[in-house]
Amino acid sequence: MIVRNIEQNNWITLIFLFILILILIGNQLFPEKFAEFKKIFFSGKYFTSHQKKPSVFNLFSFILYLAHGFILSLALFILFKAKSVFLVEYDFTFYLQIFIVLNTLIGIKYLFEKIIASIFSMDKVIDNYIFHKITYKNLLAFYLFPILLILTYTWKPTTNILVLLTILYLVFNLFVLLKYYAKHQKFIYKFSFYFILYLCALEIAPYIILYKVIT
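Residues numbered from 1 in each chain as written. Predicted model: local features only at pLDDT ≥ 70, side-chain atom pairs only at ≥ 80, totals over all residues. Heavy atoms only, no water.

S.K.: Please provide a residue-by-residue account of the packing of helix α1 (residues 10–29) against helix α4 (residues 59–83), values included.
M.R.: The N-to-C vectors of α1 and α4 enclose an angle of 160°; their axes lie 10 Å apart at closest approach. As the angle between them shows, α1 and α4 are arranged roughly antiparallel. Crossing angle aside, the handedness with which α1 passes α4 is left-handed. Two secondary-structure elements touch here, α1 through Trp-11, Ile-12, Ile-15, Phe-16, Phe-18, Ile-19, Leu-22, Ile-25, Gly-26 and Leu-29 and α4 through Leu-59, Phe-60, Ile-63, Leu-66, Ala-67, Phe-70, Ile-71, Leu-74 and Phe-77. By residue class, the composition of the contact of α1 with α4 is 18 nonpolar, one polar and no charged. (Axes fitted to C-alpha atoms, helices over the stretch in contact; angles between N-to-C directions. Helix = DSSP H or I, 4+ residues; strand = E, 2+ residues; numbered from the N terminus. Parallel < 35°, antiparallel > 145°, perpendicular 65-115°, else oblique. Left-handed = near helix turned anticlockwise from the far one by under 90°. Contact = heavy atoms within 4.5 Å. Nonpolar A, V, L, I, M, F, W, Y, C, P; charged D, E, K, R; others polar.)

Encoded structure:
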């Protein structure tokens, strides 16, 4: 028998509703792009159509990224609450703090990536890399959305489930990065020293910091 979670979470319901509205808006305004976006694991058409000027700042990408931000912040909220990481009241204010901090860190990371690209004259390559990475993260957030619905309204998340979801999320991100690196290995080999510095500072370190905070 499934025990339903009856906590007061009206604000979480509004967050879910807002995310759903964002998804519907993206689908209604850009039906072809949305259809291509959902198939990026099986078809490269979405990336091909953005090959000349990949950007995370066009309206469609921004809508997807905004939904991703709300979903990932909610996932972190559920994770922190289940493990009682902080001695705080786990309410909308705390969720908002997570959302602000998370997107601020992502913004800072993006700024550093653009600075590195400018220093080493790799703007086109880095823009393409960021676009691919953000696109896959957006898709992962869409897969995470129904799981969060279940954990919020049906099953109370256990430590094992949360650990499994965290591992799957990290493995997925690692898979995406390795896939991209393998495709551009000649370029990476050419700038191997700078690539290792970049990898340690902007790809590995954030996850280590997140792990330290959680544990």
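From this point, things continue past the structure.
S.K.: I'd love a proper account of a nonpolar patch on the surface, names of residues and values included.
M.R.: On the surface, Leu-14, Leu-17, Leu-20, Ile-21, Leu-24, Ile-25, Leu-29, Leu-59 and Phe-62 cluster together into a nonpolar patch covering about 830 Å² of accessible area. Top element by residues in the nonpolar patch is α1. It accounts for seven residues. Relative to the elements of secondary structure, Ile-21 occurs in helix α1. Given a relative accessible area of 39%, Ile-21 falls into the partly exposed group. (Patch = residues over 30% accessible without salt bridge, like charges linked within 9 Å, V, L, I, M, F, W, Y side chains within 5 Å. Areas by Shrake-Rupley, 256 points an atom, 1.4 Å probe, with all protein chains shown as cover. Salt bridge = Lys/Arg side-chain N within 4 Å of Asp/Glu carboxyl O. Buried < 20%, exposed > 50% of the residue type's maximum accessible area, 1.4 Å probe, protein only.)

S.K.: Summarise the packing of aromatic side chains; cite the residues concerned and give the values.
M.R.: In the structure shown here, the tally under the stated rule is 20 aromatic pairs. Their ring planes at 85° and their centres at 6.4 Å tell us that Phe-37 and Phe-60 sit as a pair that is edge-to-face. Taken as a pair, Phe-37 in helix α2 (residues 31–38) and Phe-60 in helix α4 lie far apart in primary sequence, 23 residues in all. Comparing Phe-37 with Phe-60 shows no difference in burial state: the two are buried. (Phe/Tyr/Trp six-rings, centres within 6.5 Å; stacked < 30°, edge-to-face > 60°.)

S.K.: Can you tell me about the environment of Ile-204, naming the residues and giving the values?
M.R.: Along the chain, Ile-204 turns up in helix α9 (residues 192–214). For the pair Ile-204 and Leu-174, spaced 30 residues apart in sequence, the C-alpha separation works out to 9.9 Å.

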